[in-house]
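Given next are the chains, with one letter for each unit.
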Amino acid sequence: MNSRALTGKRVLVPRGKKNASAFSAIVEEFGGIPVEVPLLEFRPVENRSDIAPILTSLHTYDWLIFTSDVTVETFFSMVGVNLDKSRVKIAVIGEKTEEALLKRGISVDFKPEHYVAESFVKEFSPYVNEGERLLIPKGNLARDYIAQFFKEKGHIVDEIIIYETYFPEDSKEKLLYLLRNRKLDVLPFTSPSTIEHFMSIVTTYDLFEQMKECIVATIGPVSKRKCEQLGLTVHVCPKIYTSYEMMSAIAQYMMKKEKIGG
């Protein structure tokens, strides 16, 4: 495959400031021009009164489930690294989540083949024994699919909201300018929240016509469904749910499009 298939194409980089550079590097690898507009940022919750008792009783849980690297970062900023791995096992969704733990010298006991909640529960279920307790730290917009699944199986599951997701004000202004002036060619979305924030600008300022020629990609099926719910046609959704595979799939789509004359 031509690794420079995105040459000259302006590609939205929706990641927060901390993770934007890695995403931009992938865009450049395929020849694209990264346009960084953080569509979501994260901040720890201010009121931690309901979190504190849980954080001091981590030893009572059998499994800790992390669904993102942001969750890992925020969680350990609250509890430090005093985690007794001889007592608590760790399950994760995604490579970046695992990497965030390995950087802290913490090994992972379970990682699914497919990085979505629906696949996770099917693959993880055989590893959870009767009577075991699960703890899921999460963001304020995260789904409760995993928790509900295991509660229905009779397990004790606690969820704690440890961070909030928000749409930075300066990003709203930048995105408005870029859309109005048709300065984006490819829109790769990495989560339902990035789509909701993006579409809030599109709908508020009626910019559907301005993004008509854009190629829309999503990192996985959950984001794809969110796009479709909000009226967007998704052109690309990779089989492996990572940023690199998404960009690779976009490049393949572009090449195919060029071959058949657009």
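Before reading further, recall that the structure is shown in the block above.
In short, a report on the structure. (Residues numbered from 1 in each chain as written. Predicted model: local features only at pLDDT ≥ 70, side-chain atom pairs only at ≥ 80, totals over all residues. Heavy atoms only, no water.)

## Observations concerning the side chain of S24
Part 1: Mapped onto the secondary structure, S24 falls in helix α1 (residues 17-29).
Part 2: Since its relative accessible area comes to 5%, S24 is described here as buried.
Part 3: A polar contact is formed between the side chain of S24 and the side chain of E36, at a distance of 2.7 Å.
Part 4: Look past the residues within four positions of S24 in its chain and what remains in contact with it is V13, P34 and E36. (Helix = DSSP H or I, 4+ residues; strand = E, 2+ residues; numbered from the N terminus. Buried < 20%, exposed > 50% of the residue type's maximum accessible area, 1.4 Å probe, protein only. Polar contact = N/O pair within 3.5 Å; in protein donor to acceptor, adjacent residues only side chain to side chain. Contact = heavy atoms within 4.5 Å.)

## Description of helix α4 (residues 95-102)
Part 1: Taken as a whole, α4 has its buried residues at T97, E98, A100 and L101. On an axial view of α4, the arc spanned by its buried residues comes to 155°, and they lie on one face. (Arc of directions from axis to C-beta.)

## Quick look at the pattern of salt bridges
Part 1: A complete count under the given rule lists 14 salt bridges for this structure.
Part 2: The partner of E98 in a salt bridge is K111, with the nearest N and O atoms 2.8 Å apart. A residue pair is termed long-range when its members are at least 10 positions apart, and E98 in helix α4 and K111 in the loop between α4 and α5 (117-124) qualify at 13 residues.
Part 3: By relative accessible area, which is 32% here, K111 ends up partly exposed.
Part 4: One salt bridge in this structure joins D158 and R133, with 3.5 Å as the shortest N-O distance. Of this pair, D158 sits in strand β7 (residues 156-166) while R133 is found in strand β6 (residues 133-139), placing the two residues 25 residues apart along the sequence.
Part 5: The exposure class of D158 is partly exposed, given its relative accessible area of 23%.
Part 6: Several salt bridges share partner residues, and in doing so they unite E118, R143 and R225 into one network. (Salt bridge = Lys/Arg side-chain N within 4 Å of Asp/Glu carboxyl O.)

## A look at the packing of aromatic side chains
Part 1: For the structure shown, the criterion picks out 13 aromatic pairs.
Part 2: Note on F42 and Y163: the rings are 5.3 Å apart at their centroids and 90° apart in plane angle, and the pair reads as edge-to-face. Residue F42 is located in strand β3 (residues 41-44), and its partner Y163 is located in strand β7; the two are separated by 121 residues in the primary sequence.
Part 3: With a centroid separation of 4.8 Å and an interplanar angle of 90°, the aromatic rings of W63 and F124 are classed as edge-to-face. One end of the pair, W63, is in strand β4 (residues 63-66); the other, F124, is in helix α5, and 61 residues separate them in sequence.
Part 4: Classification of W63 by relative accessible area gives buried; the value is 2%.
Part 5: Directly above the aromatic system of Y166 lies the positively charged group of R43, at a separation of 4.0 Å from the ring centroid.
Part 6: In this structure, R133 is placed above the aromatic ring of Y61, and the distance from its NZ or CZ to the ring centre is 4.5 Å. (Phe/Tyr/Trp six-rings, centres within 6.5 Å; stacked < 30°, edge-to-face > 60°. Lys NZ or Arg CZ within 6 Å of the ring centre and 35° of its normal.)

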